[in-house]
Amino acid sequence: MDLVKADLHNHLKTGGWFSRINVNEVIDKARKRLGSGGVLGVVNFSPTRRYEDFASFPGYERQDFGNALYFPNQDIIVVKGEEMETILPSGEQVDLLALGMNKGQHPKPRRTLDDRLKEIKEMGGILGADHPFHKDGIGPFLEIHKGYLGKFDFLEVHNGECALWLPGYAKANEKALEFFNHVRTQNPALCNTLGKLVSSDGHSIYEIGRSNMSLPSISLRNRDSIVSSLRNGMVYAANENLPCKRHNSYDGAVDHIAKWVYLKVARKTKIFPTGCL
Ligand SMILES: [Zn+2]
């Protein structure tokens, strides 16, 4: 079985930041870090449309599968993702990560957990718990409501930007991996359905592929074969303990937070440099 490297959770830039995404620069970096057959997830965070922007910008020749782009000359696949605010029964808000929906299809913001699970299934995507024990993670809810784990396709056991300590969120990646191993031992049926994700969650070009995981190569027959390759691949990666690279992206996380704070202040004070937003 051929293995490829994947980094499935990247935003390419902080939402609203001035820079325009350069397609060729992204693909060159993905090819350098992930190699031939590499898979990069480009993830929107509502209301941003980073994947759709990326897909519409000029650059290397590509084949469009609806939910993914294949760049044949560089042998790189870019898959669409959406990170979405989701509301728990307690009213608390968490983030979830979906992969593989079609271009132009956007999950509704702030849906309840049950509606979110249904919505992503109907859109033909897969749903996972990203940074479960960091800010806005669903981990503490899943610790109590373990029955929900059977409804998820994957759990993110390493997120590059979670390396940054925030008050109340120490050792978030260590907790996620420990929880993942624990629930799979406690409930072996999850070994057939719950995959693992190791990602950068980068907001820059330089973070692309810094954290990555191995997967069986992706079947490019059609949009559905891409989704099932990802779903089965993340389960296989966990069961076979395939190699992965866990990078702690302290610089990326600080860079992202600084830009995010700057944009918040700029919006409040209405001081926008030319080209912003
Ligand atoms: Zn993210």
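Quick caveat: nothing in here was measured; it's all calculated off a predicted structure. (Residues numbered from 1 in each chain as written. Predicted model: local features only at pLDDT ≥ 70, side-chain atom pairs only at ≥ 80, totals over all residues.)

## As for the overall build of the protein
Assigned secondary structure in the protein consists of seven helices and twelve strands. Relative to the compact-globule value of 19 Å for 277 residues, the protein shows a C-alpha radius of gyration of 18 Å, a close match. In the protein, buried positions account for 43% of the 277 residues. Counted over contacts in the protein with a minimum sequence separation of 6, partners at least 24 positions apart contribute 74%. (Helix = DSSP H or I, 4+ residues; strand = E, 2+ residues; numbered from the N terminus. Rg over C-alpha atoms; globule rule 2.2 N^0.38 Å. Buried ≥ 20, exposed ≤ 12 C-beta atoms within 10 Å, placed from the backbone. Contact = placed C-beta atoms within 7 Å.)

## Thoughts on helix H6 (residues 223–239)
With 17 residues, H6 extends 25 Å from end C-alpha to end C-alpha; this agrees with the ideal 24 Å at 1.5 Å per step. Inspection of H6 places Ile226, Val227, Ser229, Leu230, Gly233, Met234, Ala237 and Ala238 among the buried residues, and these make up the whole buried set. Taken end-on, H6 shows its buried residues confined to a sector of 155°, consistent with a single buried face. Looking one or two residues beyond H6, the residue adopting positive phi is asparagine 241, at roughly 50°. (Expected span 1.5 Å × (residues − 1). Arc of directions from axis to C-beta.)

## Some points on the nonpolar core
Counting residues in each nonpolar core, the largest one holds 61 residues, and the members touching the most others are Val39, Leu40, Val78, Val79, Leu96, Ala98 and Leu155. Ranked by residues supplied to this core, first place goes to H6 with six residues. When sequence neighbours within four positions are dropped, the list of residues in contact with leucine 40 reads Asp7, Asn10, Ala30, Leu34, Ile76, Val78 and Ile208. (Core = buried A, V, L, I, M, F, W, Y, C linked by C-beta atoms within 7 Å.)

## A short note on helix H1 (residues 23–34)
The end-to-end C-alpha distance of H1, which contains twelve residues, comes to 16 Å, matching closely the 16 Å that a straight helix rising 1.5 Å per residue would cover. Taken residue by residue, H1 has Val26, Ile27, Lys29, Ala30, Arg31, Arg33 and Leu34 as its buried positions. Positioned one or two residues after H1, glycine 35 has a phi angle of 80°, which is positive.

## Digging into the pairing of strand S5 (residues 76–87)
Burial analysis of S5 places ten of its twelve residues in the buried class, the great majority of the element. Alignment of strand S2 (residues 38–45) against S5, held across eight bridges, turns out to be parallel. Of the residues in S5, the one forming a bridge with leucine 40 is valine 78. Relative to S5, strand S4 (residues 68–71) runs antiparallel, the two sharing four bridges. Along S5, the bridge assignment pairs alanine 68 with valine 79. One ladder, built from seven bridges, connects S5 with strand S6 (residues 93–99); its direction is antiparallel. The residue of S6 that forms the bridge with glutamate 83 is leucine 97. Once S5 ends, the chain turns through five residues before running back antiparallel as S6, passing glycine 91 with a positive phi of about 95°. Where S5 meets strand S7 (residues 111–112), two bridges bridge the pair, whose relative direction is parallel. (Pairing = 2+ DSSP bridges.)

## Observations regarding unusual backbone geometry
Most peptide bonds are trans, and most residues other than glycine sit at a negative phi. In this chain, serine 46 is followed by proline 47 through a cis amide linkage whose omega measures 5°. The topology assignment puts proline 47 in the loop between S2 and helix H2 (50–56). Positive phi is not limited to glycine here, since arginine 110 has a value of about 55°. On the secondary structure map, arginine 110 appears in the loop between S6 and S7. The backbone of aspartate 136 shows a phi angle near 60°, a positive value even though the residue is not glycine. Tracing the sequence through the fold places aspartate 136 in the loop between strand S8 (126–129) and helix H4 (139–144).

## Thoughts on the confidence of the model for the protein
Chain-level pLDDT for the protein is 92 on average; 96% of the residues reach the 70-or-more range. Contacts for the low-pLDDT stretch residues 273–277, under 50 throughout, to residues beyond four places or in other chains number five contacts. (pLDDT = per-residue confidence, 0-100.)

## Some thoughts on the pairing of S2
The buried fraction of S2 is high, at seven of eight residues. Where strand S1 (residues 3–10) and S2 come together, three bridges link them in parallel fashion. Its bridge partner lying in S2, asparagine 10 is registered against valine 42.

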